[in-house]
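A look at the structure
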Amino acid sequence: MKWLITLLLALFLGLQYKLWLGEGSLMEVWQLRQELETQRAQNQELRGRNEALEAEVIDLKTGLEAIEERARRELGMIAEDEIFFQVVDRHRFGGQR
């Protein structure tokens, strides 16, 4: 009878080890769920970024306004009939009043 209790206790401890620390344990499942949530959040962020980029590509393919805006912003270009004014803040560059 004593050996049966010992065997059952050993079996119980073995199952508890597998449940808490072994492969597929509760700790591992919890960690994988955390990683899954992190990945889902990252995927959502990237999905939004991709949608914005797709809209920009469509805009660039279909309209000249987007190309003109980008040329102004990134290359500093102006149209033929425009006059460019640059306002410099003297205080920012150490000038006096």
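For the structure given in this document, a descriptive report is provided here. Along each chain, residues carry numbers from 1 onward, in the same order as the chain's sequence is written. pLDDT decides what is reported in this predicted model: residues at 70 or higher carry local features, side-chain atom pairs at 80 or more are listed and counted, and totals for whole chains, interfaces and linings draw on all residues regardless. Calculation of side-chain values draws on the structure's entire complement of heavy atoms; hydrogens and water are dropped beforehand.

**Digging into a nonpolar patch on the surface**
Side chains of M1, W3, L4, I5, L7, L8, L11 and L15 sit close together on the surface and give an oily, nonpolar patch of about 920 Å² of accessible area. The topology assignment puts L11 in helix α1 (residues 2-20). Throughout this description, buried means an accessible area under 20% of the type-specific maximum (1.4 Å probe, protein chains only), exposed means over 50%, and partly exposed covers the range between. Assessed through its relative accessible area of 52%, L11 is described here as exposed. To count toward a patch, a residue needs a relative accessible area above 30% and no salt bridge. Like charges then connect within 9 Å, nonpolar side chains (Val, Leu, Ile, Met, Phe, Trp, Tyr) within 5 Å. Using a 1.4 Å probe, accessible areas were evaluated by the Shrake-Rupley method; residue-level cover was limited to the displayed protein chains. By convention in these notes, a salt bridge is any Lys or Arg side-chain nitrogen within 4 Å of a carboxyl oxygen on Asp or Glu. A run of H or I in DSSP counts as a helix once it spans at least four residues, and a run of E counts as a strand once it spans at least two, with each numbered from the N terminus.

**What about the environment of A41?**
Topologically, A41 is positioned in helix α2 (residues 26-62). Residue classification places A41 among the partly exposed positions, given a relative accessible area of 48%. Along the sequence, A41 and A55 sit 14 residues apart, while their C-alpha atoms lie 21 Å from each other.

**Some thoughts on the packing of α2 against helix α3 (residues 64-75)**
Here the axes come from fitting lines to C-alpha atoms, over the contacting stretch only for helices, and the angles between their N-to-C directions go from 0 to 180 degrees. Where α2 contacts α3, the axes come no closer than 5 Å and their chain directions differ by 105°. The angle between α2 and α3 falls in the class roughly perpendicular. Residues E56, D59, L60 and T62 of α2 touch α3, and the partners they reach there are L64, A66, I67 and R70. Amino acids are sorted into nonpolar (Ala, Val, Leu, Ile, Met, Phe, Trp, Tyr, Cys and Pro), charged (Asp, Glu, Lys and Arg) and polar (every other residue, Gly among them). In terms of residue class, the contact of α2 with α3 is made up of four nonpolar, one polar and three charged. Comment on the angle field: the value is read as roughly parallel under 35 degrees, roughly antiparallel over 145, roughly perpendicular from 65 to 115, and oblique elsewhere. Two residues qualify as a contact provided that any one of their heavy atoms is within 4.5 Å of a heavy atom in the partner residue.

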